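This is what each chain is made of:
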Amino acid sequence: MQAQAQQDSSQKAARSLNPVNAVLNCFRYVGGGLLSFMEAIGNLTFFMARALGHCFSPPFFPSQVARQIIDIGYYSLPVVGMTALFTGMVLALQSYTGFTRFNAESAIAGVVVLSITRELAPVLAGLMVAGRVGASIAAEIGTMRVTEQIDALRTLSVNPFKYLIAPRVIAGTLMLPILVLIGDIIGVMGGYIVSIYRLGFSPASYLSQTWEILEYMDVMSGLYKAAAFGFIVSVMGCYHGFYSQRGAQGVGAATTNAVVSASILILICNYVLTQVFFS
Amino acid sequence: MSGAANDSSDNKIVLSGLCKAFGKNEILRGIDLAVPRGKSMVVIGGSGTGKSVTLKCILGLLEADSGSIQVDGHETMALKGADRDELMKKFGMLFQGGALFDSLKIWENIGFGLIHGQKVSKKQAREIAIEKLQDVGLKPEVAELFPAELSGGMQKRVSLARAIATKPEIIFFDEPTTGLDPIMADVINELIVKCVKQLGATALSITHDMASVRKIADYVAMIHEGRIIWCGPVADLDRSGNPYVDQFIHGRADGPITNHTRF
């Protein structure tokens, strides 16, 4: 018996050393990985389409939407506000350090407001909300999956896409632009505070420079981005939670995957939208 | 076909040749089962033999690979969307772990199907929920608590109250006494019998608990390796003449069922 086992293992070792088998194995791994990736993309696309469809078709659950608006919007306000405030303050400080070398201190107000409205507020708010809300959505829906609460919804004639997914997607897509608009104001205020009280700028000239350089599209592009990021965060949280594997480990993995995938998609989407708006 | 009644009009649910596999793992290999209208059928069998999968296929929570599922003589395998939601109004289900919604109060859990499925007002749903709580032996004060504040036995009772609140024609019980002490298990069994009789519903249960089987079953079916291997009235259970059934109901390690050692 032992001799047979030794013979089998030596045959396996010989097979793995065979160059043809090694190449075939390589193709098998790459092909398997590619197929899994394409399957995941297909599933995610289908899930997004279903989620969008249920956002626009009755029955609606307004109380669920209201609850999610409070969870996603109201409770994210401190995180987004603090992030915007300190980002605006650091931006003013760093810009001053660089711009004094070229006697271009007057450009600080413009740099702060454009950086905040176009890029930093939507991207940082998106990433912060992905960490706070994406994880929470994935954990909540994942736990509901594991404890058969989603099955229970179906047995009570309630479509889980309408009751769980659509309210979160609607709330995420609507609330992130509002959070970003508030973040824009707080971020600019952060730059203002540092510029006036730390760097000695004149309040009137700082504000007039800010207004002069700021255009309607600068703010709106940030809000459009925020809506897209809100959609991404909520859909990725729902998707990973909805297809969570069994057990605590499954829910943990769903939470991690929701945050990581939403963060990466936000960064990719930010590049694409920037290209669309400003190229 | 394994079943208690041969005339299809007497049967509420009829499964024919139901198959379901997960990858290469064939769980159901042609389930044939007829559940008589207004009777209580209990499916017994070892762990991993396909009992829960059968229930989930009937409810549409899992998609069967082939075969037929008829409810009231209508094929339901292909039903989706609104048609499936409509069919689900006939069903109530008591889940093994209760599956109560943690974010909702007890009365909201019980009234959930009434509010969202049958468009009953919240006030009326609350009154019905309290009535159902009393039916399962719980005080009205429990209505304002959350599921996490209840013991396992109380959660099972609430889950039973939720299952019967919409007055379903068919009620499924997934291992209703698992995890309960023998006294509480007996209380739940009695509640099941009482509620099913009050509603005149058809019941399909799955369990390992033989005391539960003898208490709630009119008919018993045994599933083994994805097939129904015996079905008959509960009175015939002890004289089935089937060695698999005999081994299972007496809980013997020795016998034709050997897959308990496969891991």
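On a predicted model such as this, the values are computed, not experimentally measured, just so you know. (Residues numbered from 1 in each chain as written. Chains lettered and ligands numbered in written order. Predicted model: local features only at pLDDT ≥ 70, side-chain atom pairs only at ≥ 80, totals over all residues. Heavy atoms only, no water.)

For the structure on display, the rule yields 21 salt bridges over all chains. The salt bridge involving B:Lys56 is made with A:Glu148; its shortest N-O contact spans 3.4 Å. One end of the pair, B:Lys56, is in helix 1 (residues 51-59); the other, A:Glu148, is in the loop between helix 5 (108-146) and helix 6 (149-155), on a second chain. For the salt bridge of B:Lys215 with B:Glu190, the shortest nitrogen-to-oxygen distance reads 3.2 Å. Placement of the pair is B:Lys215 in helix 7 (residues 210-216) and B:Glu190 in helix 6 (residues 182-199), with a sequence separation of 25 residues. (Salt bridge = Lys/Arg side-chain N within 4 Å of Asp/Glu carboxyl O. Helix = DSSP H or I, 4+ residues; strand = E, 2+ residues; numbered from the N terminus.)

Applying the stated criterion to the full structure yields 4 cavities of 30 Å³ or more. Considered as a void within the structure, the largest cavity measures approximately 70 Å³ in volume. As for the largest cavity, its lining consists of A:Thr155, A:Leu156, A:Ser157, B:Met88, B:Lys89, B:Phe91, B:Gly113, B:Gly117, B:Gln118 and B:Thr166. Here the residues of the lining of the largest cavity are counted per class, giving 3 nonpolar, 6 polar and 1 charged. Roughly 60 Å³ of internal volume is contained in the second largest cavity. In terms of lining residues, the second largest cavity is bounded by A:Val80, A:Thr83, A:Ala84, A:Thr87, A:Ile116, A:Leu120, A:Ala121, A:Leu124, A:Ala125 and A:Gly183. Of all the elements in the fold, those that place two or more residues in the lining of the second largest cavity are helix 4 (77-99) and helix 5 of chain A. (1 Å grid on protein atoms, 1.4 Å probe; cavity = no way out; pocket = protein on both sides within 12 Å on 5 of 7 lines; lining within 4 Å. Points joined across faces, edges and corners; volume = space filled by probe spheres on them. Nonpolar A, V, L, I, M, F, W, Y, C, P; charged D, E, K, R; others polar.)

Moving on, we get to the layout of surface pockets. The calculated volume of the largest pocket comes to roughly 630 Å³. As for the largest pocket, its lining consists of 26 residues, and the residues nearest its centre are A:Arg154, B:Gly60, B:Glu63, B:Lys80 and B:Arg84. Elements supplying a minimum of two residues to the lining of the largest pocket: helix 2 (19-55) of chain A together with strand 1 (11-22), helix 1 and helix 2 (81-88) of chain B. The element that contributes the greatest number of residues to the lining of the largest pocket is helix 2 of chain B, accounting for 4 residues. Taken as a whole, the second largest pocket spans an internal volume of roughly 430 Å³. Lining of the second largest pocket is provided by A:Arg50, A:Arg145, A:Asp151, A:Arg154, A:Phe242, A:Tyr243, A:Ser244, A:Gln245, A:Arg246, B:Lys56, B:Leu61 and B:Leu62. Looking at the lining of the second largest pocket residue by residue, the class counts come to 4 nonpolar, 2 polar and 6 charged.

Right, let's talk about the interface of chain A and chain B for a bit. Tallying the contact residues gives 16 residues for chain A and 23 residues for chain B. Together, the buried faces of chain A and chain B total about 1700 Å²; carbon and sulfur atoms form 61% of this surface. Of all residues in chain A, the largest losses of buried area upon contact with chain B belong to A:Thr155, A:Leu156 and A:Ser157, amounting jointly to 35% of the total for that side. Inspection of the chain A/chain B interface yields 2 salt bridges. Counting across the chain A and chain B interface gives 4 residue pairs in polar contact (both at pLDDT 80 or more). (Contact = heavy atoms within 4.5 Å. Buried area = accessible area lost by both parts, 1.4 Å probe. Polar contact = N/O pair within 3.5 Å; in protein donor to acceptor, adjacent residues only side chain to side chain.)

The next thing to look at is the packing of helix 4 of chain A against helix 5 of chain A. All names here are of chain A. Close contact between helix 4 and helix 5 brings their axes to 9 Å; oriented N to C, the two are set at 145 degrees. Crossing of helix 4 against helix 5: the hand is right-handed. Counted together, Val79, Val80, Thr83, Ala84, Thr87, Gly88, Leu91, Ala92, Ser95, Tyr96 and Phe99 of helix 4 and Ile108, Val111, Val112, Ser115, Ile116, Leu120, Leu124, Ala125, Met128, Val129 and Arg132 of helix 5 form the full contact between these two elements. Residues that form the contact of helix 4 with helix 5 fall into these classes: 16 nonpolar, 5 polar and 1 charged. (Axes fitted to C-alpha atoms, helices over the stretch in contact; angles between N-to-C directions. Left-handed = near helix turned anticlockwise from the far one by under 90°.)

Here the focus is the pairing of strand 4 (residues 66-71) of chain B. All names here are of chain B. As paired strands, strand 1 and strand 4 are joined by 5 bridges and run antiparallel to one another. Within strand 4, the position partnered with Leu15 by the bridge is Ile69. Summarising the sheet, strand 4 and strand 5 (residues 74-75) pair through 2 bridges and their orientation is antiparallel. The partner of Gln70 across the bridge, within strand 5, is Glu75. Between strand 4 and the antiparallel strand that follows it, strand 5, lie 2 residues; Asp72 among them carries a positive phi value of about 55 degrees. (Pairing = 2+ DSSP bridges.)

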